Amino acid sequence: MASSADNRFDVIVIGAGPGGYTGAIRAAQLGLRVACVDAWRNEKGGPAPGGTCTNIGCIPSKALLHSSENFENARRHFGDHGIRIDSIAIDLQKMLARKSTVVRQNNEGILYLFKKNRVTFFHGPGRFETDAAGLHRVSVAGAGEGMVLTAPHVVVATGSVARPLPGLAFDEKRVLSNDGALSIAAVPQRLGVIGAGVVGLELGSVWRRLGSEVTLLEALPAFLPAADEQIAREAHKQFTRQGLKIELGIAIESVDSGAEGLRVRYQDSAKKAQQLECDKLIVSIGRLPNTEGLNGEAVGLKLDQRGFIEVDAACRTSIEGIWAIGDVVRGPMLAHKAEEEAVAVAESIAGQHGHVDLETIAWVIYTAPEIAWVGQTEQQLKASGRAYRAGTFPFAANGRARAMGDTAGLVKCLADAQTDRVLGVHAVGPLVSELIAEAVLAMAFRASSEDIARVCHAHPTLSEATREAALAVEGRALNI
Ligand code: FAD
Ligand code: NAI
């Protein structure tokens, strides 16, 4: 911690999630004097930098997804490989403790990186104070009497919070946000999930694998409408086959809590009254930008109608020297999008040219099979009237997928009909979270489907399915 005399910086970053901590490190690498302020507290009240992503998002969810998938594989699939397990049980407390250790390692890793890069870290809520002497001022509660940091540049990276269902507050015991849903102490017999989006599918999968009967209630009539329709259809088929119950086109009417559990009353897609009884309910209906306690009014920070901080394409707010990045601004709420904006802003502050291409931000859903995509979907291309060609390749025809015994899904490549430029790549299947990086690289370099098709891919790998999908654009896939 810095002393109160030591409070003048080139850049103050508010928030140490993937946006804030990455921005602080990049700015420090560029020779700027940087303070990073973050309020997150661990269970002992100490600092826990890393934001939603590290503490109650990306990292703990992936830890539990991996643990629960190991359990599912051991229970259902190891027999296919000739491995007999006569008795198998879950030690949930150990699984949760392992997840917490992974989180702590990441918190400590960020504190180490701050030290290494000479970023001064302040633990506590940061708050804008009125500007003085041409500098922005940020006070930090709990960082010492009257601690006010000053700098010509402030980067706001205060992230987002889970959106509650109107009239139903999270108690994190029965009505759970992603926070409570990552720490359920005993596997619930009946788990309800409102919202079949990314959180609902990932955390619903975790608890289904561990033994819960999981029902997802989704308001929209289509499943995963942001994904390519063909990919969403295949994913829906696989998830329902695994036992996830997914009801689309519903309208929640009420949620009541009683001695026996929770009762969700809703209208189904045929407008018939239905009810779901469950022991726990995850509400995963999106996230809201977080500007609470920031006192943006002191400097005239503008919010849009949905509460996001208004920024231009370069993440500049309307106030000279104040920038905003990550979940608190428009665009996808993804950790790697926040990181990209962070680097671009730090470089712009240092006088370089920072740039983020929102068109090549990939989406990944870490279910099994995984879902990943970058660029435009087939339905978006159709709607825009752009002439395109599509190539698909199923994992059932990929040697590595067969060897793994994991053949559900496909890769799909969409390319411009005239120029052959890759417009989108969509996949559902094993480890497509890793395969999508090749497609992102191709799109970032404005590659054609032929470029991907002409590159030699190691055999046998899952990545050959991407190449085959690119070959299929020209109708010349080799292995199908
Ligand atoms: P955040 O990570 O929310 O960090 C903001 C930080 O600012 C927090 O530490 C907060 O305490 C702090 N803060 C807020 N206000 C103040 C203040 N006034 N003073 C000081 N500090 C303050 N994205 C992916 O890309 N991949 C995934 O696999 C993925 N999985 C997810 C799983 C779940 C369950 C959830 C909920 C989200 C997931 N996300 C994932 C989304 C990802 O977590 C967010 O997009 C990402 O964390 C946004 O980063 P950020 O830096 O903008 O904000
Ligand atoms: P989401 O936007 O992905 O899904 C919310 C779903 O809830 C939507 O399908 C929506 O139609 C539905 N919904 C909204 N109101 C409803 C209502 N009243 N009744 C029933 N359904 C309703 O949001 P989610 O799952 O909460 O996740 C928030 C964000 O966090 C994601 O959009 C994503 O940006 C990020 N995230 C990313 C992950 C990843 O990258 N793998 C994992 C988890 C979260």
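Keep in mind that this is a model prediction, so the values were computed, not measured.

Definitions and cut-offs
Residues numbered from 1 in each chain as written. Chains lettered and ligands numbered in written order. Predicted model: local features only at pLDDT ≥ 70, side-chain atom pairs only at ≥ 80, totals over all residues. Heavy atoms only, no water. Near = heavy atom within 4 Å. Polar contact = N/O pair within 3.5 Å; in protein donor to acceptor, adjacent residues only side chain to side chain. Areas by Shrake-Rupley, 256 points an atom, 1.4 Å probe, with all protein chains shown as cover. Helix = DSSP H or I, 4+ residues; strand = E, 2+ residues; numbered from the N terminus. Pairing = 2+ DSSP bridges. Axes fitted to C-alpha atoms, helices over the stretch in contact; angles between N-to-C directions. Domains from an automatic or database assignment. Contact = heavy atoms within 4.5 Å. Buried area = accessible area lost by both parts, 1.4 Å probe. Expected span 1.5 Å × (residues − 1). Buried < 20%, exposed > 50% of the residue type's maximum accessible area, 1.4 Å probe, protein only. Nonpolar A, V, L, I, M, F, W, Y, C, P; charged D, E, K, R; others polar. Salt bridge = Lys/Arg side-chain N within 4 Å of Asp/Glu carboxyl O.

1. Observations concerning the site of ligand 1
Logical step 1: Neighbouring ligand 1 are 38 residues; Asp-38, Thr-52, Lys-62, Gly-126 and Asp-327 lie closest to it.
Logical step 2: In this structure, Ala-39 approaches ligand 1 through a main-chain N or O atom, which is 3.2 Å from a nitrogen atom.
Logical step 3: The contact in question runs from an oxygen atom of ligand 1 to an N or O atom on the backbone of Met-333, over 3.2 Å.
Logical step 4: Look at ligand 1: alone it shows 1,000 Å² of surface, and the protein chains cover 93% of it.
Logical step 5: Looking at the shell around ligand 1, the elements with two or more residues in it are helix H1 (18-29), strand S2 (34-38), helix H2 (51-56), helix H3 (58-77) and helix H8 (335-349).
Logical step 6: Top contributing element to the shell around ligand 1 by residue count: H2, with 4 residues.

2. Looking at the sheet that holds strand S16 (residues 280-283)
For sheets, the rule is that strands pair by backbone hydrogen bonds, running either parallel or antiparallel.
Logical step 1: Read across the open sheet, the 5 strands follow the order S9-S16-S10-S11-S12; overall the sheet is parallel. Edge positions in the sheet fall to strand S9 (175-176) and strand S12 (245-247), since each has one partner strand and no second.
Logical step 2: Two elements, strand S10 (residues 190-194) and S16, share 4 bridges in a ladder whose sense is parallel. Paired with Leu-191 across the strands is Lys-280, a residue of S16.

3. Side note on the sheet that holds strand S5 (residues 135-140)
Logical step 1: As summarised here, the arrangement of the 3 strands in space is S4-S5-S6, forming an open sheet in which the pairing is antiparallel. Of all strands in the sheet, those bounded by a partner on one side alone are strand S4 (126-132) and strand S6 (148-151). Sheet twist, expressed as the mean angle between neighbouring strand axes with direction ignored, is 30 degrees.
Logical step 2: In this sheet, S5 lies alongside S4 in antiparallel orientation, the contact comprising 5 bridges. Bridging from a neighbouring strand, Arg-127 pairs with Ser-139 of S5.

4. Looking at the domain arrangement of the chain
Logical step 1: Assigned domains within the chain: domain 1 (11-162 + 289-358), domain 2 (175-285) and domain 3 (369-473).
Logical step 2: For domain 2 and domain 3, the distance between their C-alpha centres works out to 30 Å.
Logical step 3: At the interface, 13 residues of domain 2 touch 15 residues of domain 3.
Logical step 4: For the pair domain 2 and domain 3, the summed buried surface comes to about 1,100 Å²; carbon and sulfur atoms form 65% of the total.
Logical step 5: When the buried surface of domain 2 facing domain 3 is broken down by residue, Asp-228, Gln-230 and Ile-231 rank first, second and third, together holding 46% of it.

5. A few points about H8
Logical step 1: An ideal rise of 1.5 Å per residue puts 21 Å on 15 residues; H8 measures up with 21 Å between its terminal C-alpha atoms.
Logical step 2: Along H8, 11 of the 15 residues are buried, which leaves the element largely enclosed by surrounding structure.
Logical step 3: Residues Ala-335, Lys-337, Ala-338, Glu-341, Ala-342, Ala-344, Val-345, Ala-346, Glu-347, Ser-348 and Ile-349 constitute the buried set of H8.
Logical step 4: Residues of H8 that are buried make contact with strand S1 (11-14), H1, H2, H3, strand S7 (153-156) and strand S18 (322-324).
Logical step 5: Of the residues flanking the end of H8, it is Gly-351, one or two places downstream, whose phi is positive at about 90 degrees.

6. Considering the pairing of S5
Logical step 1: Burial analysis of S5 places 5 of its 6 residues in the buried class, which makes it a mostly covered element.
Logical step 2: Connecting S4 to the antiparallel partner S5 that follows it, the hairpin turn spans 2 residues, and Ala-133 within it adopts a positive phi of roughly 55 degrees.
Logical step 3: Relative to S6, S5 is paired through 4 bridges, and the arrangement is antiparallel. Each residue of the ladder has a partner; that of Val-138, found in S6, is Leu-149.

7. A word on the site of ligand 2
Logical step 1: Around ligand 2 sit 23 residues, and of these Val-199, Glu-218, Gly-286, Met-333 and Val-364 come closest.
Logical step 2: The contact in question runs from a nitrogen atom of ligand 2 to an N or O atom on the side chain of Glu-202, over 2.8 Å.
Logical step 3: Within the backbone of Ala-219, an N or O atom sits 3.2 Å from a nitrogen atom of ligand 2.
Logical step 4: Burial of ligand 2 by the surrounding chains reaches 77%, relative to a free accessible area of 830 Å².
Logical step 5: Looking at the shell around ligand 2 element by element, the count peaks at 3 residues for helix H6 (residues 198-209).
Logical step 6: Considered class by class, the residues forming the shell around ligand 2 number 14 nonpolar, 4 polar and 5 charged.
Logical step 7: Residues lining the shell around ligand 2 come from more than one domain, with at least three contributed by each of domain 1 (11-162 + 289-358) and domain 2 (175-285).

8. Comments concerning the pattern of salt bridges
Logical step 1: One pass over the full model with this rule turns up 20 salt bridges.
Logical step 2: Between Glu-234 and Lys-237 there is a salt bridge, with its nearest N and O atoms 3.4 Å apart. You can see Glu-234 and its partner Lys-237 sitting in helix H7 (residues 229-242), 3 residues apart, about one turn around the helix.
Logical step 3: Among the salt bridges present, the one from Asp-420 reaches Arg-389, with a minimum N-O distance of 3.7 Å. Taken together, the residues span a long stretch of sequence, with Asp-420 in the loop between strand S22 (410-416) and strand S23 (422-429) and Arg-389 in strand S21 (residues 388-394) at a distance of 31 residues.

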